[in-house]
Structures are given as C-alpha cells and as structure tokens.
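Residues per chain are reported as follows:
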Amino acid sequence: MLLGTIVFVLVEAALIYIVIKYRRKDETTVPPQTHGSTKLEIIWTLIPAVILVFIAVPTVRIIFETQAKAPEGSLEVEVYGHQWWWEFKYPEYGFSTANEMYIPTGRTVNLVLRTKDVLHSFWVPQLAGKRDLIANRTNYIWFTPDSTTPTTVWNGFCTEYCGASHANMKFRVVTVQPDEFEGWVRHQQSNAAYTANVAPPASAAVPADIAASTAGAVATVVSNTQIDSSDLAERQAEEAQAVESPLLAGFIIPPDKVPMWTLPATPIPASIKFDDSLVGNPAEGEKLFSGAGTCNACHFIKGNPTAVGVIGPDLTHIATRLTLGAGLYKNDPKHMARWLKNARLMKPGNIMPTLGQGEYDPVLKNNMASGLTDQQIADLVAYLAALK
Ligand code: CUA
C-alpha cells in the first residue's frame, strides 16, 4: 500500500505537470512534437527490459523453490478432490479419512494432490499456499508446522470453482503433537468401534425409487469420476486385515482445543422435519447399513465386511470427525439424521441419494414413495454415532 501510494503520487504528479506544461496554449501554435525520435524509442524499450530482467531473477528462483521436492522422511498424505469433498489417504499407515486431516508438528508434511473428477484447489490459508488439483496430473505442496504450533484446528477450502457445491467443499486440518499423532494413527488404523458382526441378508430388495435416486446421480458422477480398480483392491486389502486389528485407544482432538470458528453453524433447510425424540438402535442401524446395495455400496467401514464402497467417504471412524458434508454442518445426531433423510436438500448437487420416505428428490423431481422411516434413520444415526 505504501509503495503503491508513492508510485501513484509520482506518476500522477508527472502526468499533471506535463499535461499543463505542454498543453496547446492557443489556437495557432502546435506544441513541440517528439514522434519519430529514435533516441526516446530506445530508452523506453531498454528501461522496462532491464526492470523485467531484475524481477525475473527472484521470480524464477522462488518458482524453483516452491516446486522443490519435499525432504526425505516427510509424512506423505495423498489428497483426492471429489465433487464435493476431500479424501486424505495415509499410505504410510494404510488408512484414509475424509474432510479432516491430522498432521504432527515438527515434521514436514508432503501433500500429493490429485483429483477424481474436475479441477479443485487446496488451500489452508494459515498454514500454506494454495495449489490446484488437476486431472491426469499430480501436484505437490509441502510445509512444516513448526514445533511451537499448538494442538488446534485450521479451516481449509476449495479455491477453484468446481460446480454446485464448490462453496461447500471445505475441510479441517488438525495440527497435533507428535505423540498425539501416533495415538491418532493407531486409532484410525483400528477397526470400527461398533461391530455386532451382522450377517446381512443375502439380497435385500432395494425399493425401486431409492435405487433410481441413487443410480441417476451416481451415473452422472461416476461417468466423470476416475475410479481405479486399485481403489477397490486397496479397500479389500484393508478389510482383510480388519479382523486382526481391534479398536485401540488413541487420540482425538479434545473439544476444548477446537476453536469455535472451525465449527460450522449452517442452518438446516426448514422443510426437513425429523422427530429428535426417537431413540435409535445401533444394531438395527448396522443391519440397514449392511443390506445388499445400500449404504455399503458407496462407503467403506473397516470391520464391517459388507462395506467396501469406494465412491463416498470412508466412515470407519465417522463419529470422531468434527463436521459433516465436507465442513458444512456440525457432526452430531441432529444433523446426521437430516443428512440421511434428504442429503440433496442439505447440500446442492450431492450424489448421496435421498433416503427419507416422502422426501422430495431434486434429481428425480418427485417425492420418494418408499425410503426409510424416521425410526430407521434414528437407528442408522445410532450406528454411525457408535463409530468412534
Ligand atoms: Cu472443489 Cu471448488
């Protein structure tokens, strides 16, 4: 601002001085003309050229610096942009989370940025610069939260317009101390906290309109989403280990370390009604979740052998996350119930099907004749709330 002001004042002063000094003073005389002066042409070509050369030196140096490889021993996190949520994979530890990334202080984190569909851009303003996620290309950005960084939460955003819910594609970065990070990793690696070992019905009939609600949107998204067969193989390998990994006590950010500005306060669409007095049964919820072609077709839950989906977020420890719908709502039973009932009203463009009986589906443009009752939704909420 200061330098800009100085330049502005100098340029405007020179302009005003010259306009007045060389203006045409009467109708008969022509002011002195300089057109065709070779000397002047050379001067005003050379001066900017020299200035640009000087600017180019630090610019090129910084470009190489920002593109440099992360140091050895960095924590690698693969970041995948989806319409409209974030997937964070920890290849070193063999698990993935959604919309919430824990990183330890004092260690460089190397983010490997890729997209599963369109362009997105990763930005946590207070921690690092921003970098695009580009189709068929891998970008990198790395930074080190220094050892004085407290255990706290930072807001992150998508900063490349990517469709209907671009503004609702947020995430949280949780910086934690190294020992806390170890605890968090242990916990994330272990099985879901609630496994009643359901034997799901071999072929639960999915009602026609629920199937249509799912298929319509899934088809459009799947057509421009890159789902590698390796994704599925990876999930199945994780599931195979699941029996061996009991839930380990670990670390989750305590509520008093969560700044209030990282908790969303998005209002719930008024037309979604739900009876919050209903008491859910997690075992019933798990059964619903595990029926053929239901939630488990898109979501992964380590420890629930029916749930190996790769389209939606990994829900193994969903109850430990702060937010729902990529930073859009607080993750609590109240919001979860409405999300399950009508996710497309909760988040425009959402691929998650409309599940509530009688709810309006904006993609099918009609009300759902079948679907889940409020009691069934309460059961599902109880199951998901148990996945700590
Ligand atoms: Cu993703 Cu904007």
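Cut-offs used in this document
Residues numbered from 1 in each chain as written. Predicted model: local features only at pLDDT ≥ 70, side-chain atom pairs only at ≥ 80, totals over all residues. Heavy atoms only, no water. Helix = DSSP H or I, 4+ residues; strand = E, 2+ residues; numbered from the N terminus. Rg over C-alpha atoms; globule rule 2.2 N^0.38 Å. Buried < 20%, exposed > 50% of the residue type's maximum accessible area, 1.4 Å probe, protein only. Contact = heavy atoms within 4.5 Å. Areas by Shrake-Rupley, 256 points an atom, 1.4 Å probe, with all protein chains shown as cover. Phe/Tyr/Trp six-rings, centres within 6.5 Å; stacked < 30°, edge-to-face > 60°. 1 Å grid on protein atoms, 1.4 Å probe; cavity = no way out; pocket = protein on both sides within 12 Å on 5 of 7 lines; lining within 4 Å. Points joined across faces, edges and corners; volume = space filled by probe spheres on them. Nonpolar A, V, L, I, M, F, W, Y, C, P; charged D, E, K, R; others polar. Core = buried A, V, L, I, M, F, W, Y, C linked by side-chain atoms within 4.5 Å. Axes fitted to C-alpha atoms, helices over the stretch in contact; angles between N-to-C directions. Parallel < 35°, antiparallel > 145°, perpendicular 65-115°, else oblique. Left-handed = near helix turned anticlockwise from the far one by under 90°. Pairing = 2+ DSSP bridges. Salt bridge = Lys/Arg side-chain N within 4 Å of Asp/Glu carboxyl O.

J.: Describe the overall build of the protein chain, with residues and values.
T.: A tally of helices and strands in the protein chain yields 9 helices and 14 strands. For the protein chain, the C-alpha radius of gyration of 28 Å lies well beyond 21 Å, the compact-globule estimate for 388 residues. Taking the principal axes of its C-alpha atoms as reference, the protein chain extends roughly 100 × 50 × 40 Å. In the protein chain, buried positions account for 44% of the 388 residues. Contacts spanning at least 24 positions in sequence make up 68% of the contacts within the protein chain whose residues lie at least 6 apart. Taken as a whole, the protein chain presents about 20100 Å² of accessible surface, with 64% of it coming from carbon and sulfur.

J.: An account of the packing of aromatic side chains is needed here, citing residue identities and associated values.
T.: For the coordinates displayed, the defined rule picks out 13 aromatic pairs. Centroid distance W86 to F122: 5.8 Å. Interplanar angle 85 degrees. Geometry classified as edge-to-face. Of this pair, W86 sits in strand β2 (residues 85–90) while F122 sits in strand β6 (residues 120–123), and the two are 36 residues apart along the sequence. Comparing W86 with F122 shows no difference in burial state: the two are buried.

J.: Quick rundown of the layout of surface pockets? Include the residues and the values.
T.: Of the pockets and cavities examined, the second largest pocket occupies roughly 300 Å³. Lining the second largest pocket are 18 residues, with A68, K69, A70, N110 and Y140 positioned closest to its centre. Broken down by element, the residue count for the lining of the second largest pocket peaks at 4 residues, all from strand β8 (residues 139–143). Of the residues in the lining of the second largest pocket, the class split is 6 nonpolar, 7 polar and 5 charged.

J.: Any details on the nonpolar core? Residues and values, ideally.
T.: The biggest cluster of nonpolar side chains holds 37 residues, and the ones touching the most others in it are W86, F88, Y90, M101, Y102, L111 and F122. Listing elements by their share of this core, those giving two or more residues are β1 (75–82), β2, β4 (100–104), β5 (109–115), β8, β9 (152–158), β10 (170–176) and α3 (178–189). With 4 residues, the top contributor of residues to this core is β10. In this structure, Y329, M346, L372 and I377 belong to the second largest nonpolar core, which totals 27 residues.

J.: I'd like a description of the packing of helix α7 (residues 333–341) against helix α9 (residues 374–386), backed by residues and values.
T.: Axis separation between α7 and α9 bottoms out at 9 Å; the angle between their running directions is 125 degrees. Taken together, the axes of α7 and α9 are oblique relative to one another. Along this stretch, α7 crosses α9, giving a crossing that reads as right-handed. Between α7, through P333, M336, A337, L340 and K341, and α9, the contact on the second element is made entirely by D374, I377, L380, V381 and L384. Along the lines of polarity and charge, the residues of the contact of α7 with α9 split into 8 nonpolar, no polar and 2 charged.

J.: Any chance you could break down the sheet that holds β4 for me, citing the residues and the numbers?
T.: Taken in spatial order, the 5 strands line up as β4-β10-β9-β6-β7 in an open sheet, and their pairing is mixed. Either end of the sheet is taken by a strand with one partner, and the two such strands are β4 and β7 (131–133). Each neighbouring strand pair of the sheet contributes to a mean axis angle of 30 degrees, computed without reference to strand direction. Two elements, β4 and β10, share 5 bridges in a ladder whose sense is parallel. Residue pairing in the sheet places P104 in a bridge with V176 of β10. Contacting β4 and β10, α3 crosses the sheet at an angle of about 135 degrees to β4.

J.: Could you give an account of the pattern of salt bridges, with specific residues and numbers?
T.: What the rule picks out here adds up to 7 salt bridges. The salt bridge involving K89 is made with E234; its shortest N-O contact spans 3.0 Å. Residue K89 is located in strand β2, and its partner E234 is located in helix α5 (residues 229–242); the two are separated by 145 residues in the primary sequence.

J.: Mind laying out the environment of A167, listing which residues take part and the relevant values?
T.: Within the secondary structure layout, A167 lies in the loop between β9 and β10. A relative accessible area of 58% places A167 in the exposed class. Distance from A167 to G327, taken between C-alpha atoms, is 10 Å for residues 160 residues apart in sequence.

J.: Can you tell me about the side chain of S96, naming the residues and giving the values?
T.: Looking at the element boundaries, S96 is found in strand β3 (residues 95–98). When its relative accessible area of 5% is taken as the criterion, S96 is described as buried. Contact partners of S96, with chain neighbours within four places excluded, come to E87, F88, K89, R235 and D314.

J.: Kindly report on the pairing of β6, identifying the contributing residues and their values.
T.: Examined bridge by bridge, β6 and β7 share 3 bridges and lie antiparallel to one another. Among the inter-strand pairings, H120 is bridged to a residue of β7, identified as L133. Across 2 bridges, β6 lies against β9 in antiparallel orientation. Note on β9: the bridge partner recorded for W123 is F157.

J.: Can you explain the environment of G349? Please cite residues and give values.
T.: Examined against the element boundaries, G349 turns out to sit in the loop between α8 (343–346) and β13 (360–361). Once residues lying within four places of it in the same chain are set aside, the contact partners of G349 are W84 and A164.

J.: Report on unusual backbone geometry, specifying residues and quantitative values.
T.: Residue W84 is bonded to the preceding Q83 through a cis peptide linkage, with omega at 0 degrees. Within the fold, W84 resides in the loop between β1 and β2. Residues other than glycine seldom take positive phi values, yet N136 does so here, at roughly 60 degrees. Phi is positive for A326, which is not a glycine, with a value near 60 degrees. Mapped onto the fold, A326 is located in the loop between β11 (323–324) and β12 (329–330). Look at A326 and you get buried, because its relative accessible area is 1%.

These values are about where atoms sit, not about what they do.
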